[in-house]
Each structure stands twice: as C-alpha cells, then as structure tokens.
Amino acid sequence: MAVDVKANGAALEIGIPQRLFQGPIDFGWDVTSDGKQFVLAVPSVQQTAQVPITVVLNWPAQLKR
C-alpha cells in the first residue's frame, strides 16, 4: 500500500491508501536503490510433488503379532 503525504505548514495531509501491485509477496520483496522498482522473490515454477500414501488395512491385527 502507498499513501500520499503532503506537508501543509505544521500539519500533514494524509491521502487514501492505494494498492501498489498485486501478486505473491509471501516470498519477500525489496525496493531498488533508486526507489523506482520493486523486486519480488517468487518461485519460477510451482512444483507439485506426488507423495505416495500407504494405507494399512486391518491394522489392529498387525498389533497382535
């Protein structure tokens, strides 16, 4: 979010907050040294790993062994 702030003598005029950009910012971000750009760290490819699931049927019988 960005907010315009104007100095009016000894008082400040605060503007309405406005969204700068929309995107995945969970991975971190920064502003370039010249203050003109944002740098977002986002994963290049979303990986969906297939994790095997083991289902054990009649597990109480296994406990008796």
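Here the structure is shown first, and the text comes after it.
Residues numbered from 1 in each chain as written. Predicted model: local features only at pLDDT ≥ 70, side-chain atom pairs only at ≥ 80, totals over all residues. Heavy atoms only, no water.

This brings us to the overall build of the protein. Counting its regular elements, the protein contains one helix and four strands. Ordered by position from N to C terminus, the α and β elements of the protein give β-β-β-β-α. Among the 65 residues that make up the protein, the fraction classed as buried is 0%. Put simply, 0% of the contacts in the protein that link residues at least 6 apart link residues at least 24 apart. By element, 55% of the accessible surface of the protein is carried by carbon and sulfur atoms, the whole surface being about 6,800 Å². (Helix = DSSP H or I, 4+ residues; strand = E, 2+ residues; numbered from the N terminus. Buried < 20%, exposed > 50% of the residue type's maximum accessible area, 1.4 Å probe, protein only. Contact = heavy atoms within 4.5 Å. Areas by Shrake-Rupley, 256 points an atom, 1.4 Å probe, with all protein chains shown as cover.)

Looking now at the pairing of strand β1 (residues 5–8). As judged from the four bridges shared by β1 and strand β2 (residues 11–14), these two strands associate in the antiparallel manner. Looking at the pairing, Asn-8 lines up with Ala-11 of β2. Between β1 and β2, which pair antiparallel and follow one another directly, the connecting turn spans two residues, one of which, Gly-9, has a positive phi of 70 degrees. (Pairing = 2+ DSSP bridges.)

The subject of this paragraph is a nonpolar patch on the surface. Together, Leu-20, Phe-21, Trp-29, Val-31, Phe-38, Leu-40 and Val-42 make up an exposed nonpolar region whose accessible area comes to about 610 Å². Looking at the nonpolar patch, the elements with two or more residues in it are β3 (29–31) and β4 (38–40). Along the chain, the position of Phe-38 falls in strand β4. (Patch = residues over 30% accessible without salt bridge, like charges linked within 9 Å, V, L, I, M, F, W, Y side chains within 5 Å. Salt bridge = Lys/Arg side-chain N within 4 Å of Asp/Glu carboxyl O.)

From the geometry alone we can't say anything about function, so treat these as descriptive.
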